[in-house]
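# Coordinate inspection notes
Residues per chain, in single letters:
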Amino acid sequence: MRIILILFVIYELSSNGFCEKFRFDNYSLYKILPTTDDHIKVLQDLQNEDPYLDFWKDPTPKVPFVMVLSSPDKKPKLENFLSQHGMDFEITIPNVQENIDKETVREYTRNNNGSMSWDTYYTLDGINNWIAQLINQYPNIVSGIVGGYSYEGRPILGIKISHGPGRRAVVLEAGIHAREWISPAATNFIANELLSSDDEMTKSAARDYDWYIFPVTNPDGYVWSYKEFRMWRKNRRPIGVHFGVDLNRNWNSNWLRFGASTNPISNTYAGTGPFSEPETRSLSEYLRTIKDMDYYLSIHSWGQMLLVPFGNTTEPLDNYHDAVNIGRRAMGALSVRYGTNYTTGNIAEVLYFATGGSDEWVKEHLHVPFVYCYELRDSGEHGFLLPPEQIRPTGEETLDSIVDLLFQARRFG
Ligand code: ARG
Ligand code: ZN
């Protein structure tokens, strides 16, 4: 009886989130410079052997460097391994916990006069409170939308910005990967500008389209990433003794074909079948109901890349050439303000072969003309731990590029 009681208490404590937040003391980020095909190969083997080594940038023939986060106990072994294979490396972040400590996560309580500040990250409740406030503040323009539900039953909340009927649609899908905090933050900044900017181009982009904006499409994962484990990427569905499906490998488009895992420990675990997860299933159903979608923008970090479908081939399929040309020009617009450089191209060509993503499904099944995946700042210096001072500049430059995309595409209309 007593044992059952103790087990029950432990269960309650852990499921109610009272368990201790995981610390990354002396976890180090390694930047590795492979120079031969063999180097890439052994790094891939290492990645497959040890799912607990967190590759922030995967070893593929396309990348000039690879990044790995190592726990303190694995560092000697990793360094030995790299030296043995004659690979150069440097430690770019010696103690990741220090960077985590510099990130701030604030609550936001509803306040009709206040607004969010753009120098901190926010909790899920904070973001949802802010959404509720926008709906109140702009009753004729903003409505609340529910894109679906998470495994733990949280709604995927968003806003629709519409200045009247008859407009074509733009969708922003952010935060599908929990640890990429800049994605919801920059997306919220953009939503705010669309509602309050004085800039004529921004105002007209806001006015001329219906905007469907989902800042956090993986709410369970997002909560987990600030309450328990900063580096969480997947959703939180239990799979045997493990947790989580990579929601950007779970869409019904070339499911499990490339760059996805069948191992539930893996960060790219694709799930038990296409759309096995409530988040992807319900969000895809919602997306089907949006009429006249011209743009679908899936917002990730990091790497400063603008990617077009598909992830299973480097063939220039569909309107690849138009999409890439328009994308490149938009990245020119993005660079004007702060000189931030992006690489534009097909997913498999620029990044890696990877399928089952939302962007591919939207392109394949909804036939949306312009589907892009943004990998926001930075290019590896801070990676997922982008300092909060960069939220505003990242939001500004990204909005510059989106406005440019929309204006260019009118020529095609
Ligand atoms: N970093 C993103 C991911 O790995 C890129 C997504 C690009 N799209 C894709 N379908 N692979 O999920
Ligand atoms: Zn991502």
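Residues numbered from 1 in each chain as written. Chains lettered and ligands numbered in written order. Predicted model: local features only at pLDDT ≥ 70, side-chain atom pairs only at ≥ 80, totals over all residues.

Moving on: the nonpolar core. Residues Val171, Leu297, Leu307 and Tyr372 are the most contacted members of the largest nonpolar core, which totals 88 residues. Among the elements that make up this core, the one with the highest residue count is helix H6 (residues 182–196) (7 residues). Filtering out sequence-adjacent residues up to four positions away, leucine 297 remains in contact with Val171, Leu172, Tyr372, Tyr374 and Ile402. Counting 14 residues, the second-largest nonpolar core is a separate cluster that includes Tyr30, Ile32, Val68 and Leu82. (Core = buried A, V, L, I, M, F, W, Y, C linked by C-beta atoms within 7 Å. Buried ≥ 20, exposed ≤ 12 C-beta atoms within 10 Å, placed from the backbone. Helix = DSSP H or I, 4+ residues; strand = E, 2+ residues; numbered from the N terminus. Contact = placed C-beta atoms within 7 Å.)

On to the UniProt feature "active site" (unreviewed entry) in the protein. Sites flagged by UniProt as "active site" (unreviewed entry) map to Glu375. Note that glutamate 375 resides in strand S16 (residues 370–376). The contacts of glutamate 375, once residues within four sequence positions are left out, are His300, Ser301, Trp302, Gly303, Gln304, Met305 and Leu307. (UniProt positions renumbered as here; feature names shortened; annotations may be inferred.)

Okay, the pairing of S16 next. Successive residues of a regular strand alternate their side chains across the two faces of the sheet. Of all 7 residues that make up S16, 7 are buried, and the element is covered over most of its length. Where strand S13 (residues 293–301) lies against S16, 7 bridges are found, and the strand directions are parallel. Bridged to histidine 300 within S16 is glutamate 375. Pairing between strand S14 (residues 305–308) and S16: 3 bridges, direction antiparallel. Within S16, the position partnered with leucine 307 by the bridge is cysteine 373. (Pairing = 2+ DSSP bridges.)

With that settled, consider the site of ligand 1. Near ligand 1, the surroundings consist of Asn248, His300, Leu307, Gly311, Ile347, Leu351, Ala354, Gly357, Asp359, Glu360 and Cys373. A per-class count over the shell around ligand 1 returns 5 nonpolar, 4 polar and 2 charged. (Near = placed C-beta within 6 Å. Nonpolar A, V, L, I, M, F, W, Y, C, P; charged D, E, K, R; others polar.)

Now for the packing of helix H10 (residues 320–338) against helix H13 (residues 391–409). In helix packing, the relevant descriptors are the interaxial angle and the interaxial distance, both defined with respect to the helix axes. Interaxial distance between H10 and H13 falls to 8 Å at its minimum, and their mutual angle equals 145°. Between H10 and H13 the crossing geometry is right-handed. Side by side, H10 and H13 meet where Ile326, Arg329, Ala330, Met331, Ala333, Leu334, Val336, Arg337 and Tyr338 of the first sit next to Pro393, Glu396, Glu397, Thr398, Asp400, Ser401, Asp404, Leu405, Gln408 and Ala409 of the second. In the contact of H10 with H13, the residues fall into 10 nonpolar, 3 polar and 6 charged. (Axes fitted to C-alpha atoms, helices over the stretch in contact; angles between N-to-C directions. Left-handed = near helix turned anticlockwise from the far one by under 90°.)

With that settled, the discussion passes to the sheet that holds strand S8 (residues 155–161). A sheet is described by the order of its strands in space; here 8 strands give the open sequence S7-S8-S10-S9-S13-S16-S14-S15, paired in mixed fashion. Of all strands in the sheet, those bounded by a partner on one side alone are strand S7 (142–149) and strand S15 (343–346). Pairs of neighbouring strands in the sheet enclose a mean axial angle of 20°, with direction left out of account. Where S7 meets S8, 6 bridges bridge the pair, whose relative direction is antiparallel. In the sheet register, valine 142 faces S8, and the bridge partner there is isoleucine 161. In the packing of H6 onto the sheet, the strands contacted are S8, strand S9 (168–174), strand S10 (209–214), S13 and S16, and the crossing angle to S13 comes to about 140°. Contacts from H13 reach S10, S13 and S16, with the element oriented near 165° to S16.

Further remarks concern helix H9 (residues 278–288). Regarding H9, the residues found buried are Pro278, Glu279, Thr280, Leu283, Ser284 and Leu287. Of the surrounding secondary structure, the elements contacted by the buried residues of H9 are S7, S8, S9 and helix H12 (358–366).

With that settled, consider the environment of aspartate 318. Relative to the elements of secondary structure, aspartate 318 occurs in the loop between S14 and H10. By C-beta crowding, aspartate 318 is classed as partly exposed, having 16 other C-beta atoms within 10 Å.

This part takes up the sheet that holds strand S4 (residues 88–93). Pairing in this open sheet of 4 strands is antiparallel, and the strands run S2-S3-S1-S4 from one edge to the other. On the outer flanks of this sheet lie strand S2 (54–57) and S4, each paired with one strand and no other. Strand-to-strand twist of the sheet, defined as the mean angle between neighbouring strand axes without regard to direction, takes the value 30°. Of the strand pairs in this sheet, strand S1 (residues 28–33) and S4 are connected by 5 bridges, and their pairing is antiparallel.

Across the 7 residues of S9, 5 count as buried, placing the element largely inside the fold. Inspection of the sheet shows S9 paired to S10 by 6 bridges, in the parallel sense. Its bridge partner lying in S10, valine 171 is registered against tyrosine 212.

Here the focus is the confidence of the model for the protein. Looking at the protein as a whole, the pLDDT averages 94, with 94% of positions reaching at least 70. The model gives residues 8–17 a pLDDT under 50, and that stretch makes 5 contacts with residues more than four places away or in other chains. Under the prediction, the complex receives an ipTM of 0.97, its pTM being 0.94. (pLDDT = per-residue confidence, 0-100.)

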